[in-house]
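# Analysis of the macromolecular model
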Amino acid sequence: MTDPLFLVDLADPLPPVGSRVEVGGEEGRHAAVVRRIRPGESVLLSDGAGRGVRGVVTASAKTGIELEVVEQLTASAAGRRFVAVQALAKGDRSELAVEMLTEMGIDEVVPWQASRSIVRWTAERSAKSLNRWRSTVREATKQSRRLRVPEVAEPASTADVVDRIGAAALALILHEDATVPLAEVALPESGTVLIVIGPEGGISAEELGPFTDAGAVPVTLGDGVLRTSTAGVAALAGLMLR
């Protein structure tokens, strides 16, 4: 079984091999009490910013665990940065999308208040919903053993998305009427690849026009129409496999 990952503050520079690290607080208690990590087991620690260590647990108590570092870890730098503009969706579909995008390797998620989004993030609801997305990303990062926690940006308007499209090396719109297959789009060697994922009702003409004017390319994933919760991760998987 893959070593479990816990997100903690790590010293800079990283603790050297052979040193001892204590993990307390919420993550330490979770490791000791919920996961029941015991001496002799191997675990991963990450600061969520691409740095981590692997260690063997030397002590476990209700307040946390202690481990001896056996390996220093650093996430490799990628030439491309993948960003998903995810339209708000009803129920738990947005959070499911965010979870799967994180597990697949997304670098940033941008919540988008599309015109056809059934869910509306009011001023009161926005902060709570954003925190829930960020918590989902954090837990999915641990589940997938990633050393870097993807960023969840502040909620974006359609005008904000237009600005992001203009700044990206490549911007793609997942659209049911597109005629260009995703597999035929040339990928840039570096820079941001932006993926725009619409809501249940699709992307409106009033949104599609400004997006394409800004340089975004509508693409299709196949004959079927995917849900907003699955379209983004399917596109990301296809892009990363290339």
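A brief structural summary. (Residues numbered from 1 in each chain as written. Predicted model: local features only at pLDDT ≥ 70, side-chain atom pairs only at ≥ 80, totals over all residues. Heavy atoms only, no water.)

Right, let's get into the overall build of the protein chain. Assigned secondary structure in the protein chain consists of six helices and eleven strands. When the backbone C-alpha atoms are referred to their principal axes, the protein chain occupies close to 60 × 40 × 30 Å. Within the protein chain, the proportion of its 242 residues that are buried is 45%. Long-range contacts, defined here as pairs at least 24 residues apart, represent 72% of the contacts in the protein chain between residues at least 6 apart. Here the protein chain has roughly 11,900 Å² of accessible surface; of this, 49% comes from carbon and sulfur atoms. Taking the 26 positively charged and 32 negatively charged side chains of the protein chain as two groups, their mean positions are separated by 6 Å. (Helix = DSSP H or I, 4+ residues; strand = E, 2+ residues; numbered from the N terminus. Buried < 20%, exposed > 50% of the residue type's maximum accessible area, 1.4 Å probe, protein only. Contact = heavy atoms within 4.5 Å. Areas by Shrake-Rupley, 256 points an atom, 1.4 Å probe, with all protein chains shown as cover. Lys, Arg positive; Asp, Glu negative; His and termini not counted. Charge placed at Lys NZ, Arg CZ, Asp CG, Glu CD.)

Along the polypeptide, Ser19 turns up in the loop between β1 (5-7) and β2 (20-23). Looking at Ser19, its side chain comes within polar contact range of the main-chain oxygen of Pro16, at 2.6 Å. Not counting residues up to four positions away in its chain, the partners in contact with Ser19 are Leu67, Glu68 and Val69. (Polar contact = N/O pair within 3.5 Å; in protein donor to acceptor, adjacent residues only side chain to side chain.)

Burial along β2 is one-sided: Val21 and Val23 are buried, and none of Arg20 and Glu22, which face the opposite way, are. Sheet topology places β2 next to strand β5 (residues 64-74); four bridges connect them, and they run antiparallel. Following the sheet pairing, Glu22 is matched in β5 by Glu66. (Pairing = 2+ DSSP bridges.)

Okay, the sheet that holds strand β7 (residues 108-112) next. Picture the strands of a sheet paired through backbone hydrogen bonds; they go either parallel or antiparallel. Here we have six strands laid out as an open sheet, ordered β8-β7-β6-β10-β9-β11, and parallel in their pairing. In this open sheet, the two strands that pair with only one neighbour each are β8 (151-152) and β11 (217-219). Of the strand pairs in this sheet, β7 and β8 are connected by two bridges, and their pairing is parallel. Directly across from Val109, in β8, lies its bridge partner Val152. Along the sheet, helix α4 (residues 158-167) makes contact with β6 (80-87), β7, β9 (170-174) and β10 (191-197), crossing β7 at roughly 145°. Sitting on the sheet, helix α6 (residues 228-241) is in contact with β6, β9 and β10, with an inclination near 150° to β10. (Axes fitted to C-alpha atoms, helices over the stretch in contact; angles between N-to-C directions.)

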